[in-house]
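Fold and geometry: a report
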Amino acid sequence: MSGIGSGGERRTSLHGFWSSRLAFVLAVTGSAVGLGNIWKFPYMTGQYGGGAFVLVYLLAVLLIGLPIMMAEILIGRRGRRNPVTTMRLLGEEESGTRHWQWVGALGLLGGFLILSFYSVIAGWTVAYIFEAASGAFNGATPAEINARFSALEGSPWRTGFWHTVFMLGTILIVARGVERGLEQAVRVMVPGLVVILLLLLAYAIGTGAMGPALEFMFRPDFSAITGGVVLAAMGQAFFSLSIGMACVMAYGAYLPQDASISGTAAAVVAGDTIIALLAGLVIFPIVFANGLDPAEGIGLVFKTLPLAFGGMTGGLLVGVLFFLLLGFAAMTSAISLMEPSVAWAMERFGINRALAGSYVGGVIWVLGFATVLSFSWLSDFRFLAGTLFDNIDFLTSNITLPLGGLLITLFAGWFMSANSTAAELDPRAGALYRCWRVLVRWVTPALVVVVFLNSLGLFR
Ligand code: PHE
């Protein structure tokens, strides 16, 4: 299957290739696994009624997340440019219009907005490395742990400082070129995180509230499945899998031609989902054992896990390691959030990675102060979804990511020819390919549209 690009030959990547298929799997895993799994999934599960949310989330991952991730990788690899240029080139080739480039642009915008708050939460994580190291969690009561978190959250100086530290670190790594460092980091970090989560799971089983936690997470109360829950669960699937904003597409541009896209996507989706569930299985037993509120909100992970670290033997070391690894996990996600914009700026303005990274990172750093202040000086400034942070979060997870994802599946399913998509996924067009095609043409877009329509009531 050749015959792509105006010259008829395959395009080649402008910024090099991943050293292997494994390197790509690691990079996409690094993007997917992050605060979304350990910070956001548990607190959303708590806020949106437990099992009902988990059930819808799992369905969204399977029927919406997986097919879109495959579509993004295949588009990225076929275009081999930054997402804006890739969508423009493929749009011209496959449907004779340049306008698909706006899907790439929407992705760039999403990346800016998401990273602006992501970096603030990641900053809290970095701050907690030091909190854990100070021994402050040792034997602390839930009230004391609570107070420590409120003090951090409410201080724009401390929150702003750690946001700055995190952003600087991210810019530095992006500037130095991602491939090598990213690969190494993910190789250590993901297994490390899983080991600590398993340790914490053992502790959580020991505290005795595993029963209520399992019940909460896996016995869905079907009457709790409202339009709002479904929208939130779908948004979380997009957020956690890093899809809908062309970030996986940007990474796909560097994927060697012979790597299997479906195998890669399935592995990443399975790993990401297992880690999120594991985080829930650790956090909820602690919630119920200590009489905390599962619907606590964005502070949930910072108010529960310290209790575990403070109560277990060797908890100081485990706590430091945990927040360190979580910080790294957040950083590999942050790098991927910047990649579409950085690749775009490099190609568009002919500047190098360091300069592109600094500009993009600088703008995001400034934007981040909207979130920093949402927890302190501007905490009473509320409109639409709530604080400035709530609005940025809602706009990205529930609107721009699903909209981007919808356009991506429509493009892959209806505008790209079956020849083109089969050439990337499976030149023999076997049963798996045909199944994927039915999903991206019919099932996935229909589900996204139905969820959107169904949640319109929220805006009334
Ligand atoms: N998936 C990342 C996480 O779970 C966040 C992210 C969203 C990264 C969108 C890239 C794109 O933490």
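To start, this report covers the structure provided alongside it. Since we're looking at a predicted model, the values are computed, not measured.

Moving on, we get to the site of the ligand. Around the ligand there are 15 residues in total, and A32, G36, Y118, F239 and S242 lie nearest to it. Take A32: an N or O atom from its main chain is 2.9 Å from an oxygen atom of the ligand. Backbone polar atom of L35 to an oxygen atom of the ligand: 3.1 Å apart, as the coordinates give it. Elements represented by at least two residues in the shell around the ligand include exactly helix 1 (21-32), helix 2 (35-47), helix 10 (227-241) and helix 14 (315-349).

Per the stated rule, a full pass over the model turns up 11 salt bridges. Residue K40 is joined to D393 by a salt bridge in which the shortest nitrogen-to-oxygen separation is 2.8 Å. Of this pair, K40 sits in helix 2 while D393 sits in helix 16 (residues 388-415), and the two are 353 residues apart along the sequence. K40 gets classed as buried once you look at its relative accessible area, which sits at 1%.

On to the packing of aromatic side chains, then. Under the criterion given, the structure shown has 33 aromatic pairs. On the numbers, 5.3 Å between centres and 55° between planes, the contact of W39 with Y43 is tilted. Placement of the pair is W39 and Y43 together in helix 2, with a separation of 4 residues, close to one helical turn. Like W39, the residue Y43 is buried in the burial classification. When the centroid spacing of 5.3 Å and the interplanar angle of 80° are considered together, the rings of F322 and F323 count as edge-to-face. For the pair formed by F322 and F323, the shared burial category is buried. Here K40 stacks its cationic end above the ring of F239, 4.3 Å away from the centre of that ring. Above the ring of W414, the side-chain terminus of R441 is found at 3.9 Å from the ring centroid.

On to unusual backbone geometry, then. A positive phi angle, close to 60°, is found at R80, a residue other than glycine. Of note, R80 is situated in the loop between helix 3 (51-79) and helix 4 (83-95). Located in the positive-phi region is S242, a residue other than glycine, with phi close to 60°. The topology assignment puts S242 in the loop between helix 10 and helix 11 (247-252). In this structure S242 comes out as buried when scored by relative accessible area, which is 10%.

Secondary-structure assignment places R219 in the loop between helix 9 (210-218) and helix 10. On the accessibility criterion, R219 (59% relative accessible area) is exposed. Residues R219 and V54, 165 residues apart in the sequence, show an inter-C-alpha distance of 9.3 Å. With sequence-adjacent residues up to four places away left out, R219 is seen in contact with G51 and L214.

What follows is about helix 9. Listed in full, the buried residues belonging to helix 9 are M210, A213, F216 and M217. Take helix 9 and look down its axis: the buried residues cluster within an arc of 125°, on one side only.

With that out of the way, let us pick up the side chain of R11. Inspection of the secondary structure assignment puts R11 in the segment before helix 1. In this structure the side chain of R11 is engaged in a polar contact, spanning 2.8 Å, whose partner is the side chain of E93.

Here we come to a nonpolar patch on the surface. A contiguous nonpolar surface patch, about 520 Å² in accessible area, is contributed by L55, L59, L62, L63, F222 and L447. The dominant element in the nonpolar patch, judged by the number of residues it contributes, is helix 3, at 4 residues. Residue L62 is classed as exposed on the basis of its relative accessible area, which comes to 53%.

Calculation rules
- Residues numbered from 1 in each chain as written.
- Predicted model: local features only at pLDDT ≥ 70, side-chain atom pairs only at ≥ 80, totals over all residues.
- Heavy atoms only, no water.
- Near = heavy atom within 4 Å.
- Polar contact = N/O pair within 3.5 Å; in protein donor to acceptor, adjacent residues only side chain to side chain.
- Helix = DSSP H or I, 4+ residues; strand = E, 2+ residues; numbered from the N terminus.
- Salt bridge = Lys/Arg side-chain N within 4 Å of Asp/Glu carboxyl O.
- Buried < 20%, exposed > 50% of the residue type's maximum accessible area, 1.4 Å probe, protein only.
- Phe/Tyr/Trp six-rings, centres within 6.5 Å; stacked < 30°, edge-to-face > 60°.
- Lys NZ or Arg CZ within 6 Å of the ring centre and 35° of its normal.
- Contact = heavy atoms within 4.5 Å.
- Arc of directions from axis to C-beta.
- Patch = residues over 30% accessible without salt bridge, like charges linked within 9 Å, V, L, I, M, F, W, Y side chains within 5 Å.
- Areas by Shrake-Rupley, 256 points an atom, 1.4 Å probe, with all protein chains shown as cover.

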